[in-house]
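So the chains spell out like this:
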Amino acid sequence: MTTENAPSRGTRPGQPAPAPREFAMRFTSTPRGARLARRLVSHRLAAWGYPYDSGPNETTTLIASELAANAVRHGRVPGRDFHVRLTAPLGDASGTIRIEVSDTRTETRPTLTTAAPDAETGRGLYLVSRLAERWAVGPRSGGGPGKTVWAKVATETKPSGSDPGPLQRPRG
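Residues numbered from 1 in each chain as written. Predicted model: local features only at pLDDT ≥ 70, side-chain atom pairs only at ≥ 80, totals over all residues. Heavy atoms only, no water.

- As named in an unreviewed UniProt entry, the chain is ATP-binding protein, taken from Streptomyces niphimycinicus.

### Re the side chain of Ser42
- Structurally, Ser42 can be placed in helix H1 (residues 31-47).
- Beyond its immediate chain neighbours, meaning those up to four positions away, Ser42 contacts Tyr52, Asn57 and Thr61. (Helix = DSSP H or I, 4+ residues; strand = E, 2+ residues; numbered from the N terminus. Contact = heavy atoms within 4.5 Å.)

### Here's the deal with the nonpolar core
- Among the nonpolar cores identified, the biggest contains 28 residues, and Ile63, Phe82, Val84, Leu86 and Ile99 are the most heavily contacted of them.
- Of all the secondary structure elements, the ones that give two or more residues to this core are strand E1 (21-27), H1, helix H2 (55-74), strand E2 (82-88), strand E3 (96-103), helix H3 (124-131) and strand E5 (147-154).
- If one sorts the elements of this core by residue count, H2 sits on top with six residues.
- Aside from chain neighbours lying at most four places away, what touches Ile63 is Ile99, Val128, Leu131, Ala132, Ala151 and Val153. (Core = buried A, V, L, I, M, F, W, Y, C linked by side-chain atoms within 4.5 Å. Buried < 20%, exposed > 50% of the residue type's maximum accessible area, 1.4 Å probe, protein only.)

### Digging into the confidence of the model for the chain
- Per-chain confidence: the chain averages 80 in pLDDT, with 75% of residues scoring 70 or above.
- Confidence, read as mean pLDDT per element, is least for H3 in the chain (89) and greatest for H1 (96).
- Confidence drops under a pLDDT of 50 for residues 1-11, and excluding neighbours within four residues, the segment shows 21 contacts in the predicted structure.
- Note on residues 158-172: pLDDT under 50 across the span, and 18 contacts to partners over four residues away in sequence or across chains. (pLDDT = per-residue confidence, 0-100.)

### Topic: the packing of H2 against H3
- Where H2 contacts H3, the two axes come as close as 9 Å, and the packing angle between them is 150°. Taken together, the axis directions place H2 and H3 in an arrangement best described as roughly antiparallel. Seen along the crossing, H2 lies across H3 with a hand that is left-handed. Residue-level contacts link Thr59, Leu62, Ile63, Glu66, Leu67 and Asn70 of H2 to Gly124, Leu125, Leu127, Val128 and Leu131 of H3.
- Across the contact of H2 with H3, the residue classes break down as seven nonpolar, three polar and one charged. (Axes fitted to C-alpha atoms, helices over the stretch in contact; angles between N-to-C directions. Parallel < 35°, antiparallel > 145°, perpendicular 65-115°, else oblique. Left-handed = near helix turned anticlockwise from the far one by under 90°. Nonpolar A, V, L, I, M, F, W, Y, C, P; charged D, E, K, R; others polar.)

### Describing the pattern of salt bridges
- Overall, the coordinates contain five salt bridges when judged by the stated rule.
- Linking Glu22 and Arg85 is a salt bridge whose minimum nitrogen-to-oxygen distance equals 3.3 Å. Here Glu22, found in strand E1, pairs with Arg85, found in strand E2; they are 63 residues apart in sequence, far enough to count as distant.
- Between Glu100 and Arg85 there is a salt bridge; the shortest N-O distance is 3.0 Å. Of the two residues, Glu100 sits in strand E3 while Arg85 sits in strand E2, which places them 15 residues apart along the sequence. (Salt bridge = Lys/Arg side-chain N within 4 Å of Asp/Glu carboxyl O.)

### A few points about the packing of aromatic side chains
- For the structure on display, the rule yields one aromatic pair.
- The aromatic ring of Trp150 is capped on one face by Arg98, whose charged end is 4.3 Å from the ring centroid. (Phe/Tyr/Trp six-rings, centres within 6.5 Å; stacked < 30°, edge-to-face > 60°. Lys NZ or Arg CZ within 6 Å of the ring centre and 35° of its normal.)

### Regarding the sheet that holds strand E4 (residues 134-139)
- The sheet built from five strands is open, its strands ordered E1-E2-E3-E5-E4 with antiparallel pairing. The sheet is open, and its two edges are formed by E1 and E4, each paired on a single side. Averaged over all neighbouring strand pairs, the angle between strand axes comes to 15°, with direction disregarded.
- Pairing of E2 with E3, which is carried by five bridges, proceeds in the antiparallel orientation. When the sheet's bridge partners are listed, His83 is paired in E3 with Ser102. (Pairing = 2+ DSSP bridges.)

Put into structure tokens, the structure is as follows:
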């Protein structure tokens, strides 16, 4: 299932702002499904005007990768897919990109933990917490079983001369 809002030509004064761009799709709860989700998120952002090497694309793609991997590893129910939803502001509007990953496992809730220095896993949510403007876990929309983990990534760049922040390359 894939959905995407059509671009609008702008609004007149007094009219509500156009809906953001949206992409949504279900993926198999396998490592291959998580890898495909990451690639499609990056591709969709590039198509929307956030180039592959831009901070918003790189950051959102990394967060999508971590959340999809968690859905496959910790939220997998055999025979059930996980769902990714991506929204971004239209045009050159500043704002936030929102990435949501939903799985069908209700009893396990992600928690932010500190991984041991020599651990090979356990840093995904730490990365999400450091890179996202905000993130949280909530019930799955529509009343379905499971949960949704979402994160927001800023689309605007920082003023020149400031710290470029995580995964944002200095311009110039």
